[in-house]
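# Examining the three-dimensional arrangement
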Amino acid sequence: QVQFAESGGGLVQAGGSLRLACTASGITFAINTIAWYRQAPGKQREFLARISSGGDRNYVDSVKGRFTISRDNAKNTVYLRMNSLKPEDTAVYYCNTFALIAAIQPNTWGQGTQVTVSS
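None of the values given here were measured: they were computed from a predicted structure. (Residues numbered from 1 in each chain as written. Predicted model: local features only at pLDDT ≥ 70, side-chain atom pairs only at ≥ 80, totals over all residues. Heavy atoms only, no water.)

## Examining the sheet that holds strand 8 (residues 77-82)
This is how the line gets drawn: A strand pair is defined by DSSP finding two or more bridges across the two strands. Helix numbers and strand numbers start at the N terminus; a helix is a DSSP run of H or I with at least 4 residues, a strand a run of E with at least 2. Helix axes are fitted only over the stretch in contact, all axes being lines through C-alpha atoms; the angle between N-to-C directions runs from 0 to 180 degrees.
In space, the 4 strands of this open sheet follow the order 1-3-8-7, with antiparallel pairing throughout. This sheet does not close on itself; its edge strands, each paired only once, are strand 1 (3-7) and strand 7 (67-72). Each adjacent strand pair in this sheet contributes to an overall mean axis angle of 20 degrees, direction not counted. Examined bridge by bridge, strand 3 (residues 18-25) and strand 8 share 6 bridges and lie antiparallel to one another. In the strand pairing of strand 8, Leu 18 is matched with Met 82.

Quick look at the structure:
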């Protein structure tokens, strides 16, 4: 019964900012490392950033310095602040537990939230 739901996407110009939110259910949220992933058109879903239960953060190099992941355990929510957006950030953004993507149960993925960055 694990489920994730994403929100906050939209259309922005290059250089703009968005704040995404992810709400989880069916897990003991506070003890899990939660991650953001994205899937660009024609590409596989990829890992972007994660935050551990203790607040340790990791990012892929392409978003370091631009994206910030945070969490609010009281709300079972993880956020992704995205600054200095680039057209190549255009994708559907998802959240889930931090794991190999192939190991994540398919029916736990939410619908994702679309981020479109215009040039």
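## Comments concerning the pairing of strand 10 (residues 113-118)
Put simply, the test is: Here the term buried applies to any residue with accessible area under 20% of the maximum for its type, exposed to any over 50%, and partly exposed to those in between, with areas from a 1.4 Å probe on protein chains only.
Where burial is concerned, the two faces of strand 10 differ: the one with Thr 113, Val 115 and Val 117 is buried and the one with Gln 114, Thr 116 and Ser 118 is not. Looking at chain direction, strand 2 (residues 10-13) and strand 10 are connected through 4 bridges and run parallel. Bridged to Leu 11 within strand 10 is Thr 116. Bridge analysis of strand 9 (residues 91-97) against strand 10 gives 3 bridges, and the strand direction is antiparallel. Within strand 10, the residue paired with Val 92 across the bridge is Gln 114.

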